Amino acid sequence: MRVLTPTTLDEALEMLAGASTGWHGRLPTGCTSGGTQEPRSEPRRSELSPSGHVAPHAAPLIPIAGGTDLLVSWHQQPKDGMSLLDLSRLGSQLQPHRLTDTELELGALTTYWDVTSSPEVAAAFPLLVEAARLVGAVQIQMRGTWAGNIGNGSPAADGVPVLMAYDARVVLQSRAGQTEVPLDQYYTGYRQTVRRPDQLIVAIRVPRRPREREWFYKVGPRRAQAISKVAVAVVKDAAGWRVVASSVAPVVCRCRHFEQALADGRTFQTPAEIAQVLAADISPIDDIRSTARYRATVLSRLLYYWLQDRQAPQ
Ligand SMILES: Cc1cc2nc3c(=O)[nH]c(=O)nc-3n(C[C@H](O)[C@H](O)[C@H](O)COP(=O)(O)OP(=O)(O)OC[C@H]3O[C@@H](n4cnc5c(N)ncnc54)[C@H](O)[C@@H]3O)c2cc1C
């Protein structure tokens with residue numbers, strides 16, 4: 001295993017540019033064994049070309065931020081041939097967040113804790129705080145990053161649905177330049193994304209607009225330290241409705257037919273009517289945490305009772 005530890009963003013992008021094209025965006029699975037060497041803290045000079053590029057290597061170069069996703073399956077992963085791009089020394093460039101009148105920018109190393117401990121961000125984007133407080137425990141919140149939540153691509157992510165509901169954009173950077181991808185177009189399939197092997201997520205940008213509605217709800221086996229069985233985030237702002245379901249389908253996704261129904265002013269008399277509309281948006285999954293039927297039922301009920309509450313006289 002090799003660990004490359006760039007000290008500047010430029011150096012990190014050079015390393016990614018020089019690395020193999022055999023990238024899949026996650027740790028390889030299904031292999032049987034590997035070495036257990038400890039990660040080195042510095043890149044081996046022999047892996048760098050005279051220009052500073054990383055010599056082409058058979059293994060993909062995997063960015064590691066907080067490591068709270070990557071290390072979960074560490075013991076099952078083959079280490080031979082594994083290459084990590086350790087981002088930990090890029091804090092000065094990638095950790096700060098910036099809040100202006102028009103947007104919030106989270107650097108790629110911004111943690112959940114950075115957000116929950118900022119009264120300004122909490123006031124401007126309350127759903128980020130609600131979701132962050134439900135991610136693992138404090139230890140995970142202090143290490144885990146928003147970009148890592150996006151990069152991991154789990155269908156049960158809790159940061160992704162609130163960011164998507166807030167209409168966030170993912171800022172990708174390579175040596176060729178910077179590009180922005182709306183988060184709702186970032187995933188192309190189960191743990192598949194549009195990010196190229198030479199690109200790094202460097203920031204997440206969230207527009208700051210007046211909002212009429214915002215809501216996040218996570219259903220897990222218990223209220224804390226639990227992976228979502230079903231989660232939903234809803235925002236209505238000047239750009240319209242965004243209703244995002246997490247832990248329901250193979251990717252966190254918007255429920256566009258349901259959003260359109262809300263925009264049309266449709267009202268629902270029963271959860272089953274909502275379920276009917278949602279059936280055009282998502283194909284729920286069966287997995288170890290719940291069944292497709294449970295997910296479809298719970299999602300429609302959550303939305304139905306939330307809408308009921310919103311319609312009730314104040
Ligand atoms: C005990 C425990 C409880 C947890 N509870 C929850 C929970 O309740 N809800 C939840 O959503 N998650 C949970 N997680 C998962 C995890 O903490 C989050 O997904 C976290 O946001 C991951 O961030 P990280 O910085 O640790 O990512 P890492 O593990 O460092 O990376 C995760 C993935 O993102 C990629 N990546 C990281 N940074 C970048 C970048 N800048 N550019 C491109 N790719 C990048 C990595 O290559 C990797 O594929 C839990 C994890 C643990 C261990």
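Just so it is clear, the model here is predicted, and its values are computed rather than measured. (Residues numbered from 1 in each chain as written. Predicted model: local features only at pLDDT ≥ 70, side-chain atom pairs only at ≥ 80, totals over all residues.)

1. Brief notes about the nonpolar core
The condition that has to hold: Each nonpolar core comprises buried Ala, Val, Leu, Ile, Met, Phe, Trp, Tyr and Cys residues, the members being joined through C-beta atoms within 7 Å. Remark: C-beta atoms are placed from the backbone, and a residue is labelled buried if 20 or more other C-beta atoms sit within 10 Å of its own, exposed if 12 or fewer do, or partly exposed between those counts. Here, residue contact means that the backbone-derived C-beta atoms of the two residues sit within 7 Å.
In this structure, L85, A108, L163, I201, I204, V232 and L299 are the most contacted members of the largest nonpolar core, which totals 82 residues. Sequence-distant contacts of V232, defined by excluding residues within four places in its chain, comprise Y217, V244, A245, L299, L302 and L303.

2. Here we look at the site of the ligand
Condition: Residues are classed as near a molecule or strand if the C-beta position derived from their backbone is within 6 Å of it. Secondary structure counts use DSSP, requiring at least four H or I residues in a row for a helix and at least two E residues in a row for a strand, with both numbered from the N terminus. For this classification, the nonpolar set comprises Ala, Val, Leu, Ile, Met, Phe, Trp, Tyr, Cys and Pro, the charged set comprises Asp, Glu, Lys and Arg, and every other residue, Gly included, is treated as polar. Bear in mind that the domain bounds are from an automatic or database domain assignment.
Close to the ligand lie 30 residues; G66, G136, G144, G148 and G151 are nearest. Sorting the residues of the shell around the ligand by element identifies β2 (61-64), α6 (138-143), α7 (146-152) and β10 (200-207) as the ones contributing at least two each. With 5 residues, α7 is the largest single contributor of residues to the shell around the ligand. When its residues are assigned to classes, the shell around the ligand shows 15 nonpolar, 11 polar and 4 charged. Shared between two domains, the shell around the ligand takes at least three residues from each, and those domains are domain 1 (2-90) and domain 2 (91-207).

3. Some thoughts on the pairing of strand β7 (residues 177-182)
We apply this condition: When DSSP locates at least two bridges between a pair of strands, those strands are taken to pair.
Little of β7 sits inside the fold, with 0 of its 6 residues counted as buried. In this sheet, β7 lies alongside strand β6 (residues 169-174) in antiparallel orientation, the contact comprising 6 bridges. Residue pairing in the sheet places V171 in a bridge with E180 of β7. Count of turn residues in the β6/β7 antiparallel hairpin: 2 residues.

4. Thoughts on helix α1 (residues 9-18)
Among the residues of α1, A12, L13, E14, M15, L16 and G18 are the ones counted as buried. Among the structural elements, β1 (2-4), β2, β3 (83-86), β6 and β10 are those in contact with the buried residues of α1.

5. Regarding the sheet that holds β1
Our working rule: Lines fitted to C-alpha atoms define the axes here, with helix axes fitted over just the stretch in contact, and angles between the N-to-C directions of these axes take values from 0 to 180 degrees.
Read from one edge to the other, the open sheet built from 3 strands follows the order β1-β3-β2, with strand pairing classed as parallel. Every other strand in the sheet has two partners, leaving β1 and β2 as the edge strands with one partner each. Geometrically, the sheet is characterised by an average inter-axis angle of 30° between neighbouring strands, direction not taken into account. One ladder, built from 4 bridges, connects β2 with β3; its direction is parallel. From the neighbouring strand, L61 faces β3, where its bridge partner is S83. Against the sheet, α1 touches β1, β2 and β3, its axis set at about 160° to β3.

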